[in-house]
Amino acid sequence: MIDALVFPDSRDVLFDLIDGEGHLGKAVRAVYQIPADDYGAIQGPFPLALIYLTGGARGFFDRVDRATIEVYAEGQAAVNTLESISASIIGEAIETPSGYVDSIAADITPADVPYQSDTLNKATATFLVTSRPI
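Residues numbered from 1 in each chain as written. Predicted model: local features only at pLDDT ≥ 70, side-chain atom pairs only at ≥ 80, totals over all residues. Heavy atoms only, no water.

(A) Highlighting the side chain of Glu-70. Tracing the sequence through the fold places Glu-70 in strand E5 (residues 63–74). Here Tyr-72 takes part through its side chain, which lies 2.6 Å from a polar atom of the side chain of Glu-70. Other than its neighbours up to four places away in sequence, Glu-70 contacts Leu-48, Ala-49, Leu-50, Tyr-52, Lys-122, Ala-123 and Thr-124. (Helix = DSSP H or I, 4+ residues; strand = E, 2+ residues; numbered from the N terminus. Polar contact = N/O pair within 3.5 Å; in protein donor to acceptor, adjacent residues only side chain to side chain. Contact = heavy atoms within 4.5 Å.)

As structure tokens, then:
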């Protein structure tokens with residue numbers, strides 16, 4: 001019977017918490033896929049937060065999804081924006097239009113990572129999203 005359990009979509013919950021919110025004086029646009037032009041170049045406006053799930057674990061009563069957030073922005077703004085996002089989403093008993101989660105915790109803290117652009121930087125962090133069946 002455990003296979004019939006339905007859990008909130010962690011990616012949608014994170015989207016609700018991030019999209020349109022102001023961080024460092026700019027509204028962050030959350031996406032599930034990186035928007036690109038006809039030549040494959042990433043399109044703004046920036047900062048842009050890419051959200052995706054990278055696995056997790058399911059227990060008897062709960063589920064823990066590992067979610068990665070990548071932020072694309074100019075220069076140091078990428079990691080600083082991700083630090084701000086991290087501070088705003090970490091917590092317990094979080095309810096959004098997409099569902100309720102028990103907690104969001106940091107797994108890997110925000111850090112600059114290499115990105116092939118003269119104008120954009122990329123920062124990434126991983127979070128653990130714990131939820132129970134709906």
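And the narrative resumes.
(B) The arrangement of the packing of aromatic side chains in detail. Enumeration according to the criterion identifies 3 aromatic pairs in this entry. For the ring pair Phe-60 and Phe-61, a centre distance of 4.7 Å and an interplane angle of 85 degrees mean the geometry is edge-to-face. Grouping residues by exposure puts Phe-60 and Phe-61 together as exposed. (Phe/Tyr/Trp six-rings, centres within 6.5 Å; stacked < 30°, edge-to-face > 60°. Buried < 20%, exposed > 50% of the residue type's maximum accessible area, 1.4 Å probe, protein only.)

(C) Structural detail: the side chain of Ser-10. Note on placement: Ser-10 falls in helix H1 (residues 10–18). Residues in contact with Ser-10, not counting those within four places in the same chain, are Leu-53, Asp-65 and Val-129.

(D) Seen up close, the sheet that holds strand E3 (residues 29–31). Spatially, 6 strands are ordered E3-E4-E5-E8-E7-E6 in an open sheet, and the strand pairing comes out mixed. Each edge of the sheet is formed by a strand with only one pairing partner; in this case those strands are E3 and strand E6 (91–96). Pairwise comparison of adjacent strand axes, ignoring direction, gives a mean angle of 35 degrees for this sheet. Judged from the 5 bridges that link them, E6 and strand E7 (residues 99–113) form a sheet pairing that is antiparallel. Of the residues in E7, the one forming a bridge with Ile-94 is Val-101. Sitting on the sheet, H1 touches E3, strand E4 (48–58), E5, E6, E7 and strand E8 (120–131), and the angle it makes with E4 is about 145 degrees. Together, E5, E6, E7 and E8 form the strand contacts of helix H2 (residues 77–89), whose direction differs from that of E5 by roughly 145 degrees. (Pairing = 2+ DSSP bridges. Axes fitted to C-alpha atoms, helices over the stretch in contact; angles between N-to-C directions.)

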